[in-house]
Amino acid sequence: MFRTTLGAFALIGGLLATSPARAAGEAIAIPNHPFSFDGVFGTYDRASAQRGFQVYKEVCANCHAMRLLSYRNLRELGLTDQQVAAIASQVQVQDGPNDEGQMFERPGRPSDRFRSPFPNQQAARAANNGAYPVDLSVIAKARNGGADYLYALLTGYADPPPGVTMGEGMNYNRYFPGHQIAMGNPLNPDQVEFADGTPGTVENMARDVATFLQWAAEPELEQRRAMGVKIIIFLTILGGLAYAVKRKVWADVH
Amino acid sequence: MAIGLHDSDFKNPVIRWVDQRMPIFTMMQKEYGTFPTPRNFNYFWNFGALAMVNLMIMIATGIFLAMHYTPHTSYAFDSVERIMRDVNFGWLIRYVHMNGASMFFIVVFIHIWRGMYYGSYKAPRELLWMLGVVIFLLMMATAFMGYVLPWGQMSFWGATVITNLFSAFPFVGDWIVTLLWGGFSVDNPTLNRFFSLHYLLPFVIVGVVFLHVVALHITGSNNPLGVEPKGPQDTLPFHPYYTAKDSFGLVIYFIVFAGFVFFAPNFLGHPDNYIPADPLVTPAHIVPEWYFLPFYAILRAVPDKLGGVLLMFGSILVLFVLPWLDGSPVRSMRFRPVARIAFLLWTVCFFVLMYCGGMPAEEPYVTVSRIATAYYFGYFLVILPLLARLEKPLPLPESIARAVLGGGGPMPAGAAAKPMDKA
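Source: prediction; values computed, not measured.

Asks: Please give an account of the overall build of chain A that cites residues and values.
Replies: On a plain count of helices and strands, chain A comes out with eight helices and four strands. When the elements of chain A are put in sequence order from the N terminus, they spell out α-α-α-α-β-β-α-α-β-β-α-α. The buried share of chain A, reckoned over its 254 residues, is 41%. Within chain A, contacts between residues at least 6 apart in sequence are counted, and of these 61% link residues at least 24 apart. Per element, the accessible surface of chain A, about 13,500 Å² overall, is 56% carbon and sulfur.

Next up, the structure:
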């Protein structure tokens, strides 16, 4: 058994077997959820990501910042300049100092970063029972399982199984490491009303916001994959040529 | 040769003019054109050239990253994400650099493995080998400091764990740690000096690589048979034979590289490094980058801190004396039936250690790490010295040409020492 295991490791070549991403954490199996961006050729479902932004704006943004994103980035989701300007102008951002040396509030512009709900981490903790609502800008890259994990987490709230004692103010979640999460169940049926008629089920909202957060974390994904396909095709042809040259050069000495 | 102008063979008047005054064209012609190279290389001999290309890719992408990166604890994480989002093709440059580090270690691990399997470290190539170990150590230091720069959770805690190792040394330990940190904890001065050194060390590597190549071109390359070339029938000019072969290997390497960069750029990374560094929150499991895992496993296999640190450094330093531990005159493992099995088992142990290093420090991984660590050192310190006396090697081929061409006589005229077309 031991020898077989050793042999298997050697075959796998260590690389696949030992990716540290897989190494950390008592693994709670995260179910695979089908997303539009899965696989090698997947792309972002723009409508889903737009609805996801709506979920973020109306639900998540009450506690969670996304300080790495700007309103102008929303154009990549298919929103028009006018729509982006309208979204940005809904928030008040602090600017200044002006010529009198005073800070002042003004409506947001597309070039502004997403406004954070709290001025600093201490304020965020104070308002949330000591727990810090993490920034969601790159959350899909910062968790094992990525968007699958986010979907599982958002749909994973349940009553604690018998025998499990919950800490004060904690909520049971099937997929959160340790199963006790400070964040209350954020999504309830019909909490968000989608303009395109998509039913506001928890699953729909979770899928849409997971898509939005995946896009926020990897806005370059589509460009990256498209370029990758071209480069792999190019390199395959070049490799064939290089091999032919090598064969020709070596033909007289073998 | 008269004092004054070099006697150049080049016909092109411009090249000739330069070459007479500074014979770099003659040198290149000698070292990379007609350079006699054993005719029997397999594809393992591509990896030196691949490592050279990889080093250049790392330096090129690194210079562009440094133009946009801010080495400050408050801005480092955000500046990296700004590169990913707002810098034109910044995501490409960063992912190439990030995965380039992993590719570099893949390539260099194979390069070192090839040297060990075919006995390339043996006389007269001991110094060549030792310079290679120096490059490997410099690479590890560079990679470690580079991983700290994005200032994510694994950056910070990896830096904390690894720098703390030096405190195990008696008397000077704490002093070394303070010097590394630039203070009394991993903080902004640490990040600043790591950035500075991360920019400096690659150029030191370039210098040692140059010496590595110089030493190589004195002794000439080893080969899969481990038998020295005895004459022109055993060698081929480097160009076009090995330039062609290396070119093909290079494209294959680029395909693997592109696979990571474009389709799985974060596969070899750790998700925690996309969480900004927080000195108040310790990650559940602090793991180094995959290429450090075998050495990390050796560190953790020893219950004593100083012992673990010494063994971890020892696992690399032992390579310096490998040429003298292995006294067998036969280079290639092809002709060493027992040593071959012992070495392949050592290779398995390396991967086992890599696996255990990524696992939490608990059973059964600790015991497995200890067994693998014992074999790792046992191979160098016991098995190789013993086998040098006890093992009966298989008969060596008379010459490379005879082995490769299958009992044939000397090479067909013209093929072996085909002169290269002059520029």
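Asks: So what about the pattern of salt bridges? Which residues, and what values?
Replies: Residues and elements named next belong to chain A. Enumeration over the complete set of coordinates arrives at 21 salt bridges over all chains. As a salt-bridge pair, Glu222 and Arg46 come within 2.9 Å of each other at their nearest N and O atoms. Of this pair, Glu222 sits in helix α8 (residues 221–250) while Arg46 sits in helix α3 (residues 46–58); the two residues are 176 residues apart in sequence, bridging distant segments of the chain. Residue class for Arg46 comes out partly exposed when judged on its relative accessible area of 32%. Bridged by salt links that share partners, the residues Arg51, Asp196, Arg207 and Asp208 form one connected network.

Asks: Outline the state of the cysteines, supporting the account with residue identities and numerical values.
Replies: On inspection of all chains with the given rule, the structure shows zero disulfides over all chains. Between A:Cys63, a cysteine without a disulfide, and A:Cys60, which holds the nearest cysteine sulfur, the sulfur-to-sulfur distance is 9.2 Å. For A:Cys63, a relative accessible area of 27% puts it in the partly exposed group. A disulfide-free cysteine, B:Cys349 has its sulfur positioned 9.8 Å from the sulfur of B:Cys356, the nearest such atom. Residue classification places B:Cys349 among the buried positions, given a relative accessible area of 11%.

Asks: Run through the interface of chain A and chain B, naming residues and quoting values.
Replies: Accessible area lost upon the coming together of the parts is a frequently used measure of interface size. With 54 residues of chain A in contact, the opposing surface of chain B contributes 57 residues. Overall, the association of chain A and chain B removes approximately 4,800 Å² of surface from exposure, summing both partners, and the carbon and sulfur fraction of that is 71%. Linking chain A to chain B there are three salt bridges. A:Arg67 is the salt-bridge partner of B:Asp78, the closest N and O atoms lying 2.6 Å from each other. On inspection of chain A and its partner chain B, the count reaches nine residue pairs in polar contact (both at pLDDT 80 or more). At the level of elements, α1 (2–12), α2 (20–23), α7 (202–217) and α8 of chain A are the ones that each hand at least two residues to the side of chain A that touches chain B. At 18 residues, the largest contribution of residues to the side of chain A that touches chain B is made by α8(A). Across the side of chain A that touches chain B, the residue classes break down as 31 nonpolar, 11 polar and 12 charged.

Asks: How would you sum up the packing of aromatic side chains? Please name residues and give values.
Replies: Each aromatic ring pair is described using two quantities: the centre-to-centre distance and the angle formed by the ring planes. Within the structure shown, the criterion is met by 60 aromatic pairs over all chains. Ring centres 5.5 Å apart and planes at 55° place the aromatic pair A:Phe53 and A:Phe212 in the tilted group. Pair noted here: A:Phe53 is in helix α3 and A:Phe212 is in helix α7, with a separation of 159 residues, a long-range link. The buried category is assigned to A:Phe53, whose relative accessible area is 6%. Consider the rings of B:Phe295 and B:Phe350, whose centres lie 6.1 Å apart with planes at 70°: the pair is edge-to-face. One end of the pair, B:Phe295, is in helix α11 (residues 293–301); the other, B:Phe350, is in helix α14 (residues 337–357), and 55 residues separate them in sequence. Taken as a pair, B:Phe295 and B:Phe350 share a single burial class, namely buried. Here the guanidinium or amino end of A:Arg51 rests over the ring plane of A:Phe194, the centre of that ring lying 5.8 Å away. Taking the ring centre of A:Trp250 as reference, the NZ or CZ of B:Lys245 above it sits at 5.3 Å.

Asks: Which residues make up the packing of helix α3 (residues 47–66) of chain B against helix α10 (residues 238–263) of chain B, and what values do they have?
Replies: Residues and elements named next belong to chain B. Contact geometry of α3 with α10 gives a least axis separation of 10 Å together with a crossing angle of 50°. Classified by the angle between their axes, α3 and α10 sit oblique to one another. In the crossing of α3 with α10, the sense of the turn from one axis to the other is right-handed. Residues Ala49, Leu50, Val53, Asn54 and Ile57 of α3 pack against Asp246, Gly249, Leu250, Tyr253, Phe254 and Phe257 of α10. In terms of residue class, the contact of α3 with α10 is built from eight nonpolar, two polar and one charged.

Asks: So what's going on with a nonpolar patch on the surface? Which residues, and what values?
Replies: Residues and elements named next belong to chain A. Taken together, Ile233, Phe234, Ile237, Leu238 and Leu241 make up a surface patch of nonpolar side chains, about 500 Å² in accessible area. Position of Leu241 relative to the elements: it lies in helix α8. Accessibility expressed as a relative area gives 52% for Leu241, which makes it exposed.

Asks: If you had to explain the domain arrangement of chain A to someone new, which residues and values would you point to?
Replies: Residues and elements named next belong to chain A. Assigned domains within chain A: domain 1 (2–69 + 113–219) and domain 2 (222–254). Counting residues at the interface gives 10 residues for domain 1 and four residues for domain 2. Around 510 Å² of area is buried between domain 1 and domain 2 when both sides are counted, 36% of it from carbon and sulfur atoms. Across the domain 1-domain 2 interface, the total number found is two salt bridges. Where domain 1 touches domain 2, the interface holds six residue pairs in polar contact (both at pLDDT 80 or more). Tallied by class, residues from the side of domain 1 that touches domain 2 come to four nonpolar, three polar and three charged.

Asks: Just give me the short version of the confidence of the model for chain B, but keep the residues and values in it.
Replies: In low-pLDDT segments, the atomic positions of the prediction should not be examined closely. For chain B, mean pLDDT is 93; residues scoring 70 or higher make up 96% of the total. Contacts from residues 408–423 of chain B, a stretch scored under 50 in pLDDT, to residues over four places away or in other chains number 26 contacts.

Asks: I'd love a proper account of the side chain of B:Arg331, names of residues and values included.
Replies: Residues and elements named next belong to chain B. Locating Arg331 in the fold gives a position in the loop between α13 (322–325) and α14. When its relative accessible area of 10% is taken as the criterion, Arg331 is described as buried. At 2.9 Å, the side chain of Arg331 and the side chain of Glu228 are in polar contact. For Arg331, the residues in contact, after removing those within four places along its chain, are Tyr117, Tyr118, Gly119, Lys122, Ala123, Pro124, Arg125, Asn222, Gly226 and Glu228.

Asks: Please provide a residue-by-residue account of the side chain of A:His64, values included.
Replies: Within the secondary structure, A:His64 is located in the loop between α3 and α4 (81–89). When sequence neighbours within four positions are dropped, the list of residues in contact with A:His64 reads A:Tyr56, A:Pro117, A:Pro133, A:Val134, A:Leu136 and A:Met183.

Asks: With reference to specific residues and values, describe the nonpolar core.
Replies: Core analysis: the biggest nonpolar cluster contains 134 residues, and B:Phe105, B:Met116, B:Tyr379 and B:Phe380 have the highest contact counts within it. Top element by residues in this core is helix α5 (residues 90–117) of chain B. It accounts for 16 residues. Counting residues domain by domain, this core receives three or more from each of domain 1 (2–69 + 113–219) and domain 2 (222–254) of chain A. Excluding its chain neighbours within four sequence positions, the residues that come into contact with B:Phe380 are B:Met116, B:Val318, B:Leu319, B:Leu322, B:Leu325, B:Trp346 and B:Pro385. Grouped together as the second largest cluster of nonpolar side chains are 46 residues, A:Tyr44, A:Ile87, A:Ile181 and A:Ala206 included.

Asks: Describe the environment of A:Phe41, listing the residues and the values that go with them.
Replies: Secondary-structure assignment places A:Phe41 in the loop between α2 and α3. For the pair A:Phe41 and A:Gln180, spaced 139 residues apart in the sequence, the C-alpha separation amounts to 36 Å.

The rules we used
- Residues numbered from 1 in each chain as written.
- Chains lettered and ligands numbered in written order.
- Predicted model: local features only at pLDDT ≥ 70, side-chain atom pairs only at ≥ 80, totals over all residues.
- Heavy atoms only, no water.
- Helix = DSSP H or I, 4+ residues; strand = E, 2+ residues; numbered from the N terminus.
- Buried < 20%, exposed > 50% of the residue type's maximum accessible area, 1.4 Å probe, protein only.
- Contact = heavy atoms within 4.5 Å.
- Areas by Shrake-Rupley, 256 points an atom, 1.4 Å probe, with all protein chains shown as cover.
- Salt bridge = Lys/Arg side-chain N within 4 Å of Asp/Glu carboxyl O.
- Disulfide = S-S within 2.5 Å.
- Buried area = accessible area lost by both parts, 1.4 Å probe.
- Polar contact = N/O pair within 3.5 Å; in protein donor to acceptor, adjacent residues only side chain to side chain.
- Nonpolar A, V, L, I, M, F, W, Y, C, P; charged D, E, K, R; others polar.
- Phe/Tyr/Trp six-rings, centres within 6.5 Å; stacked < 30°, edge-to-face > 60°.
- Lys NZ or Arg CZ within 6 Å of the ring centre and 35° of its normal.
- Axes fitted to C-alpha atoms, helices over the stretch in contact; angles between N-to-C directions.
- Parallel < 35°, antiparallel > 145°, perpendicular 65-115°, else oblique.
- Left-handed = near helix turned anticlockwise from the far one by under 90°.
- Patch = residues over 30% accessible without salt bridge, like charges linked within 9 Å, V, L, I, M, F, W, Y side chains within 5 Å.
- Domains from an automatic or database assignment.
- pLDDT = per-residue confidence, 0-100.
- Core = buried A, V, L, I, M, F, W, Y, C linked by side-chain atoms within 4.5 Å.

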